[in-house]
Number of protein chains: 2
Amino acid sequence: MKPMKKRVEPTESAKARILAAAEPVFAEWGFDAATVRKISEAAGVPVALINYHFGSKQGLYRAIFEKRTPTIMDQRIAGLRLARAEPDLDRRVDLVVKALIYPMFSLRGESPSADFGRIIVREMSDPQSETRGIFRDMFDPVAQMLTEAIAECFPDWTTKEVHWAYHTMLGAMTIVMTDNGRMARLSDGEVRADDWEEAALHMCAILVAGLKHRDRTLTRGN
Amino acid sequence: MKPMKKRVEPTESAKARILAAAEPVFAEWGFDAATVRKISEAAGVPVALINYHFGSKQGLYRAIFEKRTPTIMDQRIAGLRLARAEPDLDRRVDLVVKALIYPMFSLRGESPSADFGRIIVREMSDPQSETRGIFRDMFDPVAQMLTEAIAECFPDWTTKEVHWAYHTMLGAMTIVMTDNGRMARLSDGEVRADDWEEAALHMCAILVAGLKHRDRTLTRGN
DNA sequence: AATAATCTTGAACGACTGTTCAATCCCCGT
DNA sequence: ACGGGGATTGAACAGTCGTTCAAGATTATT
C-alpha cells in the first residue's frame, strides 16, 4: 500500500507557486510595502488562496525563511566542522570566514537567487523584525557557533573583539546582497555586485587579513 | 531696511517639528510603511500640513536627507583633505578609512542620532530607492572621492580590488547603524552596537589591516 | 485700518490594505 | 456511482493609505 498521497500536481503547485512568487515581491518591496495582491497576481491565483495556505501574510513571509534558511545553515555548520578539523589556527581563520560567507552566496544556484538575500538584509534592517523573531529563531544559533569558532582562532581576544569582528564580517557580506546597481554606477560598469564568486573572493581576502593583522593596542584592554 | 522676514516662531516651528518627528518614524517603519498620519501625530499637527510644507510624503523624506547629508559629506571631505596631506601611503590608509567611517558615527551628537543612520541603511537596501535617486544625488560624489583616495593608497591595485575594498568597508559600517539589539543578544549583553565610539575603534582596526595585508594572489590578475 | 499673503485646520476623496466568507470545484476512496 | 474533504474562487468586509479642498486663523504689507 502506497502512503496516502494527496492530489500531487495542482495542489503542491499552487502553494509552491505562491511561495515562489512571493520571494521577488518581498525582496523588492519589503514586508510592509509588499501586498498580498501583488503576490497573488504574480502567482496567478486569487488573493484568498494565500490566507488559506499560509494563514496570513506573515505566515507566508515566514514560510519563505523556513524554506530557505536550513540549506544555508547546514552549509555553515558543515564549513565549521571542516574548520575545526584544521589544527593550525592561522589557517583555520580562512575556513571560518568562508564558512560564514560562501553558503550565503551559493544561493545563486537556485532560481530566485538574489531575492532571498535581499529579503534577509531588509529583515535585518527592519526594527519591526524583532516582533517577527525570525532571526532569533533561525539565524542566531549558527551565529553563536560562528562567534565561538572565531574565539577559538584567537584565544587571547576579548569578547568585544570577537563580536565586533563577527559583525564587521556580517556587514561586509550584507552590502553585496543589498546592491541595486550602485557598485556598477560608481565604477562605470567595471565592477558588478552580482558576480558573487568574485565578491566572495575579494571580501574573504580583506576580512581574513583584517582578523589576522588587526592592531589590538586600542581594543585589547577590556 | 531689514531683509523681509516671515513670521519666525510658529512657522519655522511647525515645519521643523514635522521634520524632526518624521525621522524616527521613517527609521522605524521605512519609507513605504511609514504613514503621514503617524508622522503628523508625532509632530502634533494635522495631516494636511505635511503636504502643504513638503508637497508630498516623498518630499518630506527627501527633506530629511537634504538636512542631514551635507554635514556628513563635509566631514568626509575634510577627512580626505587631511589624508591627502599625509605623504606616507601606509599611514594614509588609516586616515582614509576614518574619513569614511567617523563622520557617519558622529551623528550621535545630534538629537535623533541613530535614526538617520537607520534611514540610510533602509534606503540603501530598498530597490525602490533607485526611483528616488537620493544616493545618486547626495552620496555618490563623495563616494567617488573615497574610492579614488583608496586607489591612491594602493597604486598597483586593480579597479575591482579598489571598489570591492570600498564596498566591504561600507557594508561593515552599515551593519552597526542597522543593529536592533541583535549584538547584545548574541553576546549576552556584553557588547552594545550603540556604543559607536567602540564600534568605530574595532571596525577601523579590522578594515585598515584588511586593506594593508590582504592576499592579492587570487584577485590581482584582471 | 484694510488688504494681501501665508499658515493652519478638519473633513472628505478614491484607491488600496489584509482578511473572511459562503459557494463551487475537483479528485480520491469506497 | 457516489459521497466527502481539501482546494479554489470571487465578492465583500472594515480599515487605512496619500492627497486635496474650502474654510478659517494668523501675520505682513500698504
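Right above here is the structure, for reference.
Since we're looking at a predicted model, the values are computed, not measured.

Scanning the entire structure with this criterion turns up 38 salt bridges over all chains. A salt bridge links Asp156(B) to Arg216(B); the nearest nitrogen and oxygen atoms lie 3.0 Å apart. You can see Asp156(B) sitting in the loop between helix 9 (140-153) and helix 10 (159-178) and its partner Arg216(B) sitting in the segment after helix 12 (196-213), a full 60 residues away along the chain. Looking at Asp156(B), the relative accessible area reads 52%, which means it is exposed. Residue Arg216(B) is classed as buried on the basis of its relative accessible area, which comes to 10%. By sharing partners, the salt bridges in this structure join Arg62(A), Glu66(A), Arg136(A) and Asp137(A) into a single network.

Moving on: the side chain of Arg182(A). Along the chain, Arg182(A) falls in helix 11 (residues 182-186). At 2.8 Å, the side chain of Arg182(A) and the side chain of Asp140(B) are in polar contact. When near neighbours in sequence (up to four residues on either side) are disregarded, Arg182(A) contacts Phe135(B), Phe139(B), Asp140(B), Ala143(B) and Leu170(B).

In this section: the interface of chain B and chain A. Counting residues at the interface gives 65 residues for chain B and 66 residues for chain A. Of the roughly 6,000 Å² buried between chain B and chain A on both sides combined, carbon and sulfur atoms contribute 65%. There are ten salt bridges connecting chain B and chain A. Of the charged contacts in the structure, one is a salt bridge between Asp126(A) and Arg122(B), with a shortest N-O distance of 3.3 Å.

Positionally, Arg118(B) belongs in helix 6 (residues 114-124). Since its relative accessible area comes to 19%, Arg118(B) is described here as buried. The residues contacting Arg118(B), other than those within four sequence positions of it, are Pro127(A), Ala27(B), Met177(B), Thr178(B), Asp179(B) and Asn180(B).

Each value, and the rule that gives it
- Residues numbered from 1 in each chain as written.
- Chains lettered and ligands numbered in written order.
- Predicted model: local features only at pLDDT ≥ 70, side-chain atom pairs only at ≥ 80, totals over all residues.
- Heavy atoms only, no water.
- Salt bridge = Lys/Arg side-chain N within 4 Å of Asp/Glu carboxyl O.
- Helix = DSSP H or I, 4+ residues; strand = E, 2+ residues; numbered from the N terminus.
- Buried < 20%, exposed > 50% of the residue type's maximum accessible area, 1.4 Å probe, protein only.
- Polar contact = N/O pair within 3.5 Å; in protein donor to acceptor, adjacent residues only side chain to side chain.
- Contact = heavy atoms within 4.5 Å.
- Buried area = accessible area lost by both parts, 1.4 Å probe.

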